[in-house]
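One letter stands for each residue in the lines below.
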Amino acid sequence: MAFPWLSASILFPIGAALLIPFVPDKGDGKTVRWFALVVALLTFLLTVGGYLNEYNPADPGLQLDEHIDWLPDLGLAWSVGADGLSMPLILLTSFITALAALAAWPVSFKPKLFYFLLLAMDGGQIAVFAVQDMLLFFLAWELELIPVYLLLAIWGGKKRQYAATKFILYTAGSSLFILLAALAMAFFGSASGMPISFEYSALMDKGFPIGFQLLCYAGLLIAFGVKLPIVPLHTWLPDAHGEATAPVHMLLAGILLKMGGYALLRFNCQILPDAHAQFAPLLVVLGVINIIYAALTSFAQRNLKRKIAYSSISHMGFVLIGIGSFSALGSSGAMLQMISHGLIGASLFFLVGATYDRTHTLQLDEMGGVGQKMRKMFALWTVCSLASLALPGMSGFVSELMVFVGFATDDAYTLPFRIVIDGLAAVGVILTPVYLLSMLREIFYGKENVELASHSELVDAEPREIYVIGALLVPIIGIGLYPRLMTDTYSAAMEALVARNESAMKALTSPAGGALIRQTALRAPMIPG
């Protein structure tokens, strides 16, 4: 019997979290932080072990699958597995969480509770990507909300209660759509003798009518649009980031937003392909709105955390455009953008936390003239900002270029529509270096704040901080120089998904948007169905 890699990756950190109350500690967190770091690293090694030993990137189907009947009369089972849509994000989750545990080294207030929540999130977020049962997915989706809420409410800034309450209202409220869609799809056809099942494979084979698909798609789009986030469902994110601590920032930007993008690919595209063919133009338009609106808003922000938060929203717009395209290149770019932004976003927010620890301010107007004292910190900020603005040689450049070219060559849309969308998206690409480079200038070489520049606590980057950023830069630069390092892990699954969506698109008799948006005749699919 094969080793249960995924079940172990989910249950091990959760089980270890339950042991934290029994870890001997003097109350300063110096013992429990080592315990949490070791558990997070072992969880990362478990996910890597599963990938190296049992995962075949050339196989588009489900792998590392485990199935145990739970309540068979209700169609409930413990079902986990990984394919190209989930495996890269499982690796990303365990990697970011291990670095977040190291980033949380200075935490001294209620350290046992903090690390308990951190490890519980690790298992819960891996479960979101690994489970193959929609009800289990809903339970995992809800499980990770509780630690995030508590991490914001207890260790956040001055407005932490407001930010945490807003987060839970937005995300928990929208999650009701997931439960309703799961129940509707699982019980669909049960009156005519079809078995009740929440498993993804069973839902894919049911052949839902188009009207039913459209209703489920709309509900799921709201639920996942909050988490992605899609404008105007995004307002919880700047508030949450504005009050969070550095390790929580890393989990929010590095993993939490990717759950929304993954869920759109898994449910809206894979299980509801006919509805996706109708909704795809809307996703593309929403993606452009995300890019431009959030970039302009980020440009106007004077709070460092909120500036980077709106930058994250802008970058996730490329994910929407990639998901809305019907090309293998564009869809692959969407997945790579999620991975790339997970790494880059985590690095930027970690640096925000490190800078705040030294300056004790987040207002750009109160910073300036600290570049001479923090040269290493300036170098780290510069490299990570260049990665965020899609400098060639960095992962962000490759992912955004794939989305641009993939959509530009996607004959599922008319040429004028493609030109307009790519042209508008390019506006966001132009704005990004403007607000990021001006941010760097204001922090390090702006008008000198005499009191801040003479402050004795303005120490340069510490070895731990350099290590965290270095660990994130290795895959950022590695993917930028050799994208196949990551794209080969999911290309087969993504091509199969695109072929499924292209088939659904060809079957449409009255496509949404008419001839203005989508051409009536398509070339033969790039991948045989």
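To start, this report covers the structure provided alongside it. Keep in mind that this is a model prediction, so the values were computed, not measured.

## Description of the environment of Ala504
- Positionally, Ala504 belongs in helix 21 (residues 491-506).
- Given the relative accessible area of 6%, Ala504 is considered buried.
- Taking C-alpha positions, Ala504 is 5.9 Å from Pro273, a pair spaced 231 residues apart along the chain.
- Look past the residues within four positions of Ala504 in its chain and what remains in contact with it is Pro273, Asp274 and Ala277.

## Some remarks on the packing of helix 4 (residues 111-130) against helix 11 (residues 246-271)
- Running from N to C, helix 4 and helix 11 cross one another at 20°; their axes reach a closest spacing of 11 Å. In terms of axis orientation, helix 4 runs roughly parallel to helix 11. As helix 4 packs across helix 11, the resulting crossing turns out to be left-handed. Across the interface between the two elements, Phe114, Leu118, Met121, Gln125, Val128 and Phe129 from helix 4 touch Pro247, Val248, Leu251, Ile255, Leu256, Lys258, Met259 and Tyr262 from helix 11.
- Classifying every residue of the contact of helix 4 with helix 11 by side-chain character gives twelve nonpolar, one polar and one charged.

## Concerning helix 16 (residues 395-408)
- Taking 1.5 Å of rise per residue, the 14 residues of helix 16 would be expected to cover 20 Å, and the 20 Å separating its terminal C-alpha atoms lies within 8% of that figure.
- By the criterion of burial, helix 16 is predominantly enclosed, with ten of the 14 residues buried.
- For helix 16, the full list of buried residues reads Ser395, Gly396, Val398, Ser399, Glu400, Met402, Val403, Phe404, Gly406 and Phe407.

## Overview of the packing of helix 11 against helix 21
- Put simply, helix 11 and helix 21 touch, their axes get as near as 9 Å, and they point 40° apart. Here helix 11 contributes Leu265, Cys269, Gln270 and Ile271 to the contact with helix 21, which in turn contributes Met494, Leu497, Arg500 and Asn501.
- For the contact of helix 11 with helix 21, a count of residues per class yields five nonpolar, two polar and one charged.

## A short note on unusual backbone geometry
- In this structure, Pro229 follows Leu228 across a cis peptide bond, with omega equal to -5°.
- Here Pro229 shows up in the loop between helix 9 (210-227) and helix 10 (236-243).
- Cis geometry is adopted by the peptide bond preceding Pro232, which originates at Val231 and carries an omega value of 15°.
- On the secondary structure map, Pro232 appears in the loop between helix 9 and helix 10.
- Although it is not a glycine, Leu64 adopts a positive phi angle of roughly 50°.

## Brief notes about the pattern of salt bridges
- Summed over the entire model, instances satisfying the criterion amount to eight salt bridges.
- Taking the shortest distance from any N to any O, the salt bridge between Arg266 and Asp83 comes out at 2.8 Å. Linking Arg266 in helix 11 with Asp83 in the loop between strand 2 (76-82) and helix 3 (87-103), this pair joins segments that are 183 residues apart in sequence.
- Since its relative accessible area comes to 1%, Arg266 is described here as buried.
- A residue is classified by how much of its surface remains accessible, and Asp83, at 6% relative accessible area, is buried.
- Ionic pairing is found between Asp365 and Arg302, a salt bridge with its closest N-O pair at 2.6 Å. Residue Asp365 is found in the loop between helix 14 (328-359) and helix 15 (375-388), and its partner Arg302 is found in the loop between helix 12 (273-300) and helix 13 (304-324); the two are separated by 63 residues along the sequence.
- Residues joined by salt bridges that share partners form a network here, namely Lys166, Asp239 and Arg306.

Rules used in this analysis
- Residues numbered from 1 in each chain as written.
- Predicted model: local features only at pLDDT ≥ 70, side-chain atom pairs only at ≥ 80, totals over all residues.
- Heavy atoms only, no water.
- Helix = DSSP H or I, 4+ residues; strand = E, 2+ residues; numbered from the N terminus.
- Buried < 20%, exposed > 50% of the residue type's maximum accessible area, 1.4 Å probe, protein only.
- Contact = heavy atoms within 4.5 Å.
- Axes fitted to C-alpha atoms, helices over the stretch in contact; angles between N-to-C directions.
- Parallel < 35°, antiparallel > 145°, perpendicular 65-115°, else oblique.
- Left-handed = near helix turned anticlockwise from the far one by under 90°.
- Nonpolar A, V, L, I, M, F, W, Y, C, P; charged D, E, K, R; others polar.
- Expected span 1.5 Å × (residues − 1).
- Salt bridge = Lys/Arg side-chain N within 4 Å of Asp/Glu carboxyl O.

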